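Chain by chain, the residues:
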Amino acid sequence: MTVRWSLTIDCAEPRELAKFWAVALGYIERPPPPGFASWEAWFEQQGVPEPEWDDGAYLSDPEGVLPNLSFLKVPEGKTAKNRLHLDVQAGGGREVPWERRWERVVEAIARLTAAGATVLQEHTLDGRPDHFVLADPEGNEFCVL
């Protein structure tokens, strides 16, 4: 039996980082829980102090299929390489011809760097470009392939 899961990213600026990942993944701001017109209404009902209402941001797949993402404010900054990273499969996978796949990867790199990512490395395989390693605006590494 599979178990439903989500991914939580610790960060300094939840809303800003969520905006970046919404662009990167095509996600949308997650709607508030059923029965609530806004997250603020839900926070109030749950007894979350108002100064903490901006301590998180939430994204979801617009089709409701892929995992949700949460961004939670933490006081400490990133100090080491990620032990877990995302692979943004912008190229469509190895079943897509390399020329078309690489064109899509390059387009994604332009879009993501415009949104605040930094290119860290370009990797090759068998003598031709294969994938990039980038960092999001808070320094979290991820791959685009």
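Residues numbered from 1 in each chain as written. Predicted model: local features only at pLDDT ≥ 70, side-chain atom pairs only at ≥ 80, totals over all residues. Heavy atoms only, no water.

1. Topic: the UniProt feature "domain: Glyoxalase-like" (unreviewed entry) in the chain
Argument step 1. Feature annotation in UniProt places "domain: Glyoxalase-like" (unreviewed entry) on residues 7–145, given in this structure's numbering.
Argument step 2. Secondary structure over residues 7–145 splits into 27% helix and 28% strand, and the C-alpha atoms at its two ends are 20 Å apart. (UniProt positions renumbered as here; feature names shortened; annotations may be inferred. Helix = DSSP H or I, 4+ residues; strand = E, 2+ residues; numbered from the N terminus.)

2. Points about the pattern of salt bridges
Argument step 1. In the structure shown here, the tally under the stated rule is 6 salt bridges.
Argument step 2. A salt bridge links Glu16 to Lys19; its shortest N-O distance comes to 3.2 Å. Here Glu16 and its partner Lys19 are both found in helix α1 (residues 14–25), 3 residues apart, which amounts to about one turn of the helix.
Argument step 3. With relative accessibility at 48%, the residue Glu16 sits in the partly exposed group. (Salt bridge = Lys/Arg side-chain N within 4 Å of Asp/Glu carboxyl O. Buried < 20%, exposed > 50% of the residue type's maximum accessible area, 1.4 Å probe, protein only.)

3. Looking at the side chain of Asn68
Argument step 1. Of note, Asn68 is situated in the loop between β3 (56–60) and β4 (69–73).
Argument step 2. The exposure class assigned to Asn68 is buried, which follows from its relative accessible area of 17%.

4. Description of the sheet that holds β4
Argument step 1. Overall, mixed pairing links the 4 strands, which are arranged β1-β4-β3-β2 in an open sheet. Single-partner strands in this sheet number two, and they are β1 (7–11) and β2 (28–29).
Argument step 2. Bridge count between β2 and β3: 2 bridges; the pairing is antiparallel. Residue pairing for β3: Ile28 is matched across the bridge by Ser60. (Pairing = 2+ DSSP bridges.)

5. A few points about the environment of Ile109
Argument step 1. Tracing the backbone shows Ile109 in helix α3 (residues 98–114).
Argument step 2. Each C-alpha atom, one on Ile109 and one on Val23, is 12 Å from the other, the two residues being 86 residues apart in sequence.

6. Side note on the sheet that holds strand β6 (residues 118–125)
Argument step 1. If you walk across this open sheet you meet the 4 strands as β5-β8-β7-β6, and the pairing is mixed. Both outer strands of the open sheet, β5 (87–88) and β6, are each paired with one neighbouring strand and no more.
Argument step 2. Packed on one face of the sheet, α3 meets β6, β7 (128–135) and β8 (141–144) and runs near 20° to β7. (Contact = heavy atoms within 4.5 Å. Axes fitted to C-alpha atoms, helices over the stretch in contact; angles between N-to-C directions.)

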